[in-house]
Amino acid sequence: MYSGCNKMHFVSTESFEWTSVEKGGGISVMFMGTVYNSIDEKNRMIVPSKMRAGLGERCVLTKGLDQCLYIYTMDNWEKQMEKISRLPESDPKVRVFIRHFCANAAECEFDKQGRIVIPQELKAYAKIEKELVTMGAMSKIEVWGREIWDAPDNESKMETEAFSKALEEYNF
């Protein structure tokens, strides 16, 4: 898919989908799949149409863990804020986490081409140059700089044996 200026594109290696799931009486949006895309010179990324359908008209973009960005639906952002508000702010680690997660959060609206702007602070945090890896991660979307994601020392990629052992602890 290309924008009008032919500067942005994405190539899907898997279908990128969202589904609504009943959980605890409410509906949560669940994202899955991976898309390789890019940003343009104005720091805009195209959000694939299937993803936009799950996000609604607005979303929140913030620093994630592991040097990536998270995109939340407005509902899921509110749920995260609810969880965070229950953490003890007397704990210095909680205060650091709140600053990390909330200080640079940006509420985004989509333009006519389905793009959102990645603020400079978030772009720098995720070390985004041009190429992106955008992936569904259950109730949120992760946006990675392609170089960070593809790096051989990226600890966020699953090593089957180690994860299998870790998941056994959770009876998974």
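Just so we're clear, the structure is a prediction, and the values are computed from it rather than from any experiment.

A.B. asks: Looking at this model, I keep getting lost on the overall build of the chain. Mind explaining?
C.D. replies: A count of helices and strands for the chain gives six helices and eleven strands. Restricting the contact set of the chain to residue pairs at least 6 apart, pairs at least 24 apart contribute 61%. Surface summary for the chain: the accessible area is close to 10,400 Å², and the carbon and sulfur share equals 51%.

A.B. asks: Whenever I open this one, the side chain of lysine 63 confuses me. Can you help?
C.D. replies: Here lysine 63 is to be found in strand 6 (residues 58-63). At 3.5 Å, the side chain of lysine 63 forms a polar contact with the side chain of glutamate 121. Once residues within four sequence positions are removed from consideration, lysine 63 is found in contact with Cys68, Leu69, Tyr70, His100, Phe101, Asn104, Glu121, Leu122 and Tyr125.

A.B. asks: Can you help me understand the state of the cysteines in this one?
C.D. replies: Two cysteines form a disulfide when their sulfur atoms are joined by a covalent bond. Tallied over the full model, the rule gives zero disulfides. Unpaired in this structure, cysteine 108 has its nearest cysteine sulfur neighbour in cysteine 59, at a distance of 4.7 Å. Given the relative accessible area of 7%, cysteine 108 is considered buried.

A.B. asks: Even after reading the chapter, I still don't get the pairing of strand 11 (residues 140-145), so can you show me in this structure?
C.D. replies: Residues in a regular strand project their side chains so that they alternate between the two faces of the sheet. Counting buried positions over the six residues of strand 11 gives six, a clear majority of the element. Burial of the side chains of strand 11 extends over both faces: Lys140, Glu142 and Trp144 are buried on one face and Ile141, Val143 and Gly145 on the other. Judged from the four bridges that link them, strand 7 (residues 69-73) and strand 11 form a sheet pairing that is antiparallel. If you follow tyrosine 70 over to strand 11, its bridge partner there is glutamate 142. Here strand 10 (residues 131-137) runs beside strand 11; their pairing, made up of six bridges, is antiparallel.

A.B. asks: Just checking my understanding: could you explain the side chain of asparagine 37 for this structure?
C.D. replies: For asparagine 37, the position within the fold is in strand 4 (residues 34-38). Residue asparagine 37 is classed as buried on the basis of its relative accessible area of 1%. Separated by 3.3 Å, the side chain of asparagine 37 and the backbone oxygen of isoleucine 46 make a polar contact.

A.B. asks: Is there a simple way to explain the packing of helix 2 (residues 74-85) against helix 3 (residues 92-102) in this structure?
C.D. replies: How two helices pack is summed up by the angle between their axes together with the distance between the axes. Where helix 2 meets helix 3, the closest approach of the two axes is 12 Å, and the angle between their N-to-C directions is 165°. Judged by the inter-axis angle, helix 2 sits roughly antiparallel to helix 3. Relative to helix 3, the crossing made by helix 2 is left-handed. Contacts between helix 2 and helix 3 involve Trp77, Gln80, Met81 and Ile84 from the former and Phe97, Ile98, Phe101 and Cys102 from the latter. Residue composition of the contact of helix 2 with helix 3, grouped by class: seven nonpolar, one polar and no charged.

A.B. asks: Sorry if this is basic, but what is going on with the pattern of salt bridges here?
C.D. replies: When charged atoms on two side chains of opposite charge get close, those side chains can pair. Scanning the model with the defined rule gives seven salt bridges in all. Among the salt bridges present, the one from glutamate 82 reaches arginine 86, with a minimum N-O distance of 3.9 Å. Among the ionic pairs, arginine 146 bridges to aspartate 150, the shortest N-O distance being 2.8 Å. Taken together, the residues arginine 146 and aspartate 150, both in helix 5 (residues 146-150) and four residues apart, mark about one turn of the helix. Its relative accessible area of 30% is what places arginine 146 among the partly exposed residues. Here aspartate 150 falls in the partly exposed class, since its relative accessible area comes to 39%. A single salt-bridge network, built from bridges that share partners, covers Asp40, Arg44, Asp111 and Arg115.

A.B. asks: Sorry if this is basic, but what is going on with the packing of aromatic side chains here?
C.D. replies: Geometrically, a pair of aromatic rings is defined through the distance of the ring centres and the angle of the planes. Overall, the coordinates contain six aromatic pairs when judged by the stated rule. Residues tyrosine 70 and tyrosine 72 carry aromatic rings whose centres are separated by 6.0 Å and whose planes lie at 90° to one another, so their mutual orientation is edge-to-face. Linked through ring pairs, Tyr70, Tyr72, Trp77, Phe97 and Phe101 together constitute an aromatic cluster. Its guanidinium or amino end placed over the ring of tyrosine 70, lysine 140 lies 4.9 Å from that ring's centre, counting from NZ or CZ.

Criteria and thresholds
Residues numbered from 1 in each chain as written. Predicted model: local features only at pLDDT ≥ 70, side-chain atom pairs only at ≥ 80, totals over all residues. Heavy atoms only, no water. Helix = DSSP H or I, 4+ residues; strand = E, 2+ residues; numbered from the N terminus. Contact = heavy atoms within 4.5 Å. Areas by Shrake-Rupley, 256 points an atom, 1.4 Å probe, with all protein chains shown as cover. Polar contact = N/O pair within 3.5 Å; in protein donor to acceptor, adjacent residues only side chain to side chain. Disulfide = S-S within 2.5 Å. Buried < 20%, exposed > 50% of the residue type's maximum accessible area, 1.4 Å probe, protein only. Pairing = 2+ DSSP bridges. Axes fitted to C-alpha atoms, helices over the stretch in contact; angles between N-to-C directions. Parallel < 35°, antiparallel > 145°, perpendicular 65-115°, else oblique. Left-handed = near helix turned anticlockwise from the far one by under 90°. Nonpolar A, V, L, I, M, F, W, Y, C, P; charged D, E, K, R; others polar. Salt bridge = Lys/Arg side-chain N within 4 Å of Asp/Glu carboxyl O. Phe/Tyr/Trp six-rings, centres within 6.5 Å; stacked < 30°, edge-to-face > 60°. Lys NZ or Arg CZ within 6 Å of the ring centre and 35° of its normal.

By themselves these figures say nothing about function.
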